[in-house]
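Results of the structural survey
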Amino acid sequence: MKDTEQPPTETALWTPQDSAQLYGLQNWGAGYFGVSERGTVEVYPGGDPARAIDLMEVVEGLQARDLWPPVVVRFSGILEHRMTYLRHTFDNAIAEAGYRGKYTCVYPIKVNQQRHICEEVRDLGRTMGFGIEAGSKPELIAGLALTQGVNEMPFICNGFKDAEFIETAVLAAKMGRNIIPVIEQTHELEMLIHSARTHAVTPRFGIRAKLASGGIGRWADLVGFRGKFGLSVSQILSSVDWLRDEGLLGGLQMLHCHIGSQIYDIRTVKYAVNELAQIYVELVKLGAPMGIIDLGGGMGVDYDGSGTASQSSMNYTMEQYAADVIHRVKSICDDAHVPHPDVITESGRALVSHSGVLVFQVLGSRVFPSEPDAELVDRALNEGPEAEVPQPLLDLVDAYQRLGDGESDPIEVYQDAEHALNEAMSLFNLGYMSITARAACEELYWAVGNQMAARPRDELTEDLWDLPDRLADIYFSNFSLFQSLIDAWGIDQVFPVMPIHRLDERPTRRGILADVTCDSDGRMDRFPGNGEPQNSVPLHALTQGELTEVGPGQFDPYYLAVFLTGAYQETLGDLHNLFGDTHAVHVVLDADGNWHLEEVVEGDTVREVLQYVQFDPDDMRRDLRKEIEAALTAKRLTLQEGVSMRRFLDQGIDGYTYLE
Ligand code: PLP
């Protein structure tokens, strides 16, 4: 098995622009990513290619500061650009439609709760009239802290609430905060009424409606009568009566819904807005003051760049979304002679996804060779008497030779090879084939398969179209899917993946990625395609360079990045195998076009993750040191070995959880 290959010879025929096209940056990058002339990924935080940050240069700069991948690189400029873009898009839609309400986006903390991101959103949002959304008690407290000193900032509270939650929201409003709790269940209304009585106030609040329409894809179950959240229309009606009886109807000022995240078909948005706006005007007619309509989240991100109504894409632009929302709310309110409400969206994914990029290093690759190991095949053929050479081995040798003879039907040859391999496995499992013969059979099959996979698609039958994927290399990579890309594991989310350098070279291999967890599920084998994910991604062969000290591999360092990871991935994931949070850095571009690090958030140490699962690293170290001492006394370890072991313990406990 060859683990490395020499660089491709066709280097000169390949340009950085070819790479940009191959990896589809212009499709999924939303104008924030490109390829430099030196073949590295460039980031345009403000969407302007004239002001670029070289991602490879950032990674090199981090290493010079002793910060090693895996690392999440956050681009504050992209976040700012997304927020400004959203602001302008809705402002334009409002101006064009002659709409008389205002627009606000409230950032749902759950999309990425990292303090630095929340603070950036808060600081930028302040000047744009944006707010914050929370969905749990910890998020409520985080939101209260974030909006401290910015009392006017809208703060919407969704999610399941207990009496303490509701009381906190009511009291925060009394303190002068612009906080709006959203009633999701009738018992929450009961608690709100109780709290209003106790504190002698009429709190402002919203009601979440359980819509019959909308809902699509992974979160389709959120809507409909059996949806988990919100009040049905009949519950809303009885709530209005109840509130009127209690003298609290004046507090009902907002109607809310959330039909799911990553809404990929604009028709879904249209239906939902329609239904919500109809309920809104009915509430106004029933005497509720209202004033705000909150559409929740759902604005999609085009992860695969195909612009299609498919799980990892979306068939609309932000402009179309804004125009549709404003147009529909306006026309329904106009028909009902109801004043235009202010519109809120809780767009999280669409705001932060693009600003986060996960970069990691490849540790090695498993290549399925296109040529069998001749020496191995020879050994297998001559292991015993000629009459005892296993038939599948002979069949595979025959298939391999026939494939190149120019006469045999290649499809038939491949089918023979596949059949022979299956036979070989059965024989081996029954104990009738040696390990050498099995290894030779596998090598021969891979060679036949690879040569077939290299043929144009129209020369293959449909069942063989996925052969290149089935025989794609495995690139072992220094990251944890469960910690950093949980949606790729949990809901088969597709993310764009590509090398961040060597883009002036033709990628000659196809690969999937295997992470460093001891879990066979820890692999990425779905990549952007044109609406349909591809099961492997073009990559460069690893090259055997001079042995340097810069990385864990025995070859020239090779860095890959996963893009559009800013939403949901950082905290949804967890400590599988005790791989902790990666480092995260905030990179900004100054007026002179130089990048610098604004924040460095170091990843978890081994000590931190051990403590999280209730181990005491100091106790562990003390006990292990005792054992080393005993081994020295018993002369099972040399002094030198004892020192090495102690050093590993000391440095390891306070080191990074990833391979260093
Ligand atoms: N609002 C609520 C109530 C949510 O549950 C969610 C996420 O599911 C969001 C907003 C954010 O949605 P998105 O990230 O799709 O904009």
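For clarity, every value in this text was computed on a predicted model and none was experimentally measured.

Moving on, we get to the environment of Val170. Inspection of the secondary structure assignment puts Val170 in helix α7 (residues 163–174). For Val170, a relative accessible area of 2% translates into the label buried. Expressed as a C-alpha distance, the spacing of Val170 and Ile117, which sit 53 residues apart in the sequence, is 27 Å. Not counting residues up to four positions away in its chain, the partners in contact with Val170 are Leu192, Ser195, His199, Val201 and Pro203.

Before going further, it helps to examine the pattern of salt bridges. Across all of its chains, the model carries 32 salt bridges by this definition. With its nearest N and O atoms 3.1 Å apart, the salt bridge here joins Arg470 to Asp466. Given a relative accessible area of 35%, Asp466 falls into the partly exposed group. Among the ionic pairs, Arg621 bridges to Asp618, the shortest N-O distance being 3.5 Å. Here Arg621 pairs with Asp618, and both are found in helix α22 (residues 617–633), just three residues apart, close to one helical turn. For Arg621, a relative accessible area of 18% gives the class buried. Asp618 gets classed as partly exposed once you look at its relative accessible area, which sits at 39%.

Our next topic: the site of the ligand. Close to the ligand lie 16 residues; Lys110, Ser261, Glu346, Gly348 and Tyr568 are nearest. In this structure, an oxygen atom belonging to the ligand sits 3.1 Å away from a side-chain N or O atom of His258. One nitrogen or oxygen atom from the main chain of Gly348 is found 2.8 Å from an oxygen atom belonging to the ligand. Its free accessible area being 400 Å², the ligand has 92% of it covered by the protein chains. Split by residue class, the shell around the ligand holds three nonpolar, eight polar and five charged.

Here we take up the packing of aromatic side chains. Going through the model one piece at a time under the given rule, you end up with 16 aromatic pairs. Ring centres of Phe90 and Tyr103 lie 3.7 Å apart, and the angle between their planes is 5°; this geometry places the pair in the stacked category. With a gap of 13 residues between them, Phe90 in helix α4 (residues 76–97) and Tyr103 in strand β5 (residues 103–108) connect regions that are remote in the sequence. Tyr103 matches Phe90 in its accessibility class, with the two residues each being buried. Directly above the aromatic system of Phe165 lies the positively charged group of Lys161, at a separation of 5.8 Å from the ring centroid. Over the aromatic face of Phe428 sits the side chain of Arg438, whose NZ or CZ is 4.8 Å from the ring centroid.

If you trace the eight strands once around the closed barrel, you get β5-β6-β7-β8-β9-β10-β11-β12, paired in parallel fashion. Taken over all neighbouring pairs, the strand axes of this sheet differ in orientation by 25° on average, direction set aside. Relative to strand β10 (residues 252–256), strand β9 (residues 205–208) runs parallel, the two sharing four bridges. For Arg208, the partnering residue across the bridge sits in β10 and is His256. Where helix α6 (residues 137–146) meets the sheet, it contacts β6 (131–134), β7 (155–157) and β8 (179–183), and its direction lies at approximately 170° from that of β7.

One pass over the structure, following the stated rule, counts zero disulfides. There is no disulfide at Cys105, and the cysteine sulfur nearest it, in Cys118, is 13 Å away. A residue is classified by how much of its surface remains accessible, and Cys105, at 0% relative accessible area, is buried.

Summarising the element assignment, Thr345 is placed in strand β12 (residues 342–345). A polar contact of 2.8 Å, which involves the side chain of Thr345, links it to the side chain of Ser347. The residues contacting Thr345, other than those within four sequence positions of it, are Phe90, Tyr103, Thr104, Cys105, Val106, Asp294, Leu295, Gly296 and Tyr321.

Looking now at a nonpolar patch on the surface. A surface patch of nonpolar side chains, about 230 Å² in accessible area, is lined by Val233, Leu237 and Leu286. Relative to the helices and strands, Val233 resides in helix α9 (residues 233–246).

Once that is clear, we can look at the domain arrangement of the protein chain. Partitioning the protein chain into structural domains gives domain 1 (99–346), domain 2 (374–467) and domain 3 (608–653). Just the C-alpha atoms count here: the centres of domain 2 and domain 3 sit 49 Å apart.

Another point: the pairing of β10. Within β10, four of the five residues are buried, which leaves the element mostly enclosed by the surrounding structure. In terms of strand pairing, β10 meets strand β11 (residues 292–294) through three bridges, oriented parallel. Among the inter-strand pairings, Met254 is bridged to a residue of β11, identified as Ile292. For the crossover that starts at β10, traverses helix α10 (residues 266–285) and ends in the parallel β11, the hand is right-handed.

Here we take up the sheet that holds strand β2 (residues 41–43). Taken in spatial order, the three strands line up as β1-β2-β3 in an open sheet, and their pairing is antiparallel. Strand pairing shows two members of the sheet lacking a second neighbour, β1 (33–35) and β3 (53–54), which therefore form its edges. The pairing of β2 with β3 spans two bridges and is classified as antiparallel. If you follow Val43 over to β3, its bridge partner there is Ile53.

Rules of the game
- Residues numbered from 1 in each chain as written.
- Predicted model: local features only at pLDDT ≥ 70, side-chain atom pairs only at ≥ 80, totals over all residues.
- Heavy atoms only, no water.
- Helix = DSSP H or I, 4+ residues; strand = E, 2+ residues; numbered from the N terminus.
- Buried < 20%, exposed > 50% of the residue type's maximum accessible area, 1.4 Å probe, protein only.
- Contact = heavy atoms within 4.5 Å.
- Salt bridge = Lys/Arg side-chain N within 4 Å of Asp/Glu carboxyl O.
- Near = heavy atom within 4 Å.
- Polar contact = N/O pair within 3.5 Å; in protein donor to acceptor, adjacent residues only side chain to side chain.
- Areas by Shrake-Rupley, 256 points an atom, 1.4 Å probe, with all protein chains shown as cover.
- Nonpolar A, V, L, I, M, F, W, Y, C, P; charged D, E, K, R; others polar.
- Phe/Tyr/Trp six-rings, centres within 6.5 Å; stacked < 30°, edge-to-face > 60°.
- Lys NZ or Arg CZ within 6 Å of the ring centre and 35° of its normal.
- Pairing = 2+ DSSP bridges.
- Axes fitted to C-alpha atoms, helices over the stretch in contact; angles between N-to-C directions.
- Disulfide = S-S within 2.5 Å.
- Patch = residues over 30% accessible without salt bridge, like charges linked within 9 Å, V, L, I, M, F, W, Y side chains within 5 Å.
- Domains from an automatic or database assignment.
- Right-handed = clockwise from strand over helix to strand, strands pointing away.

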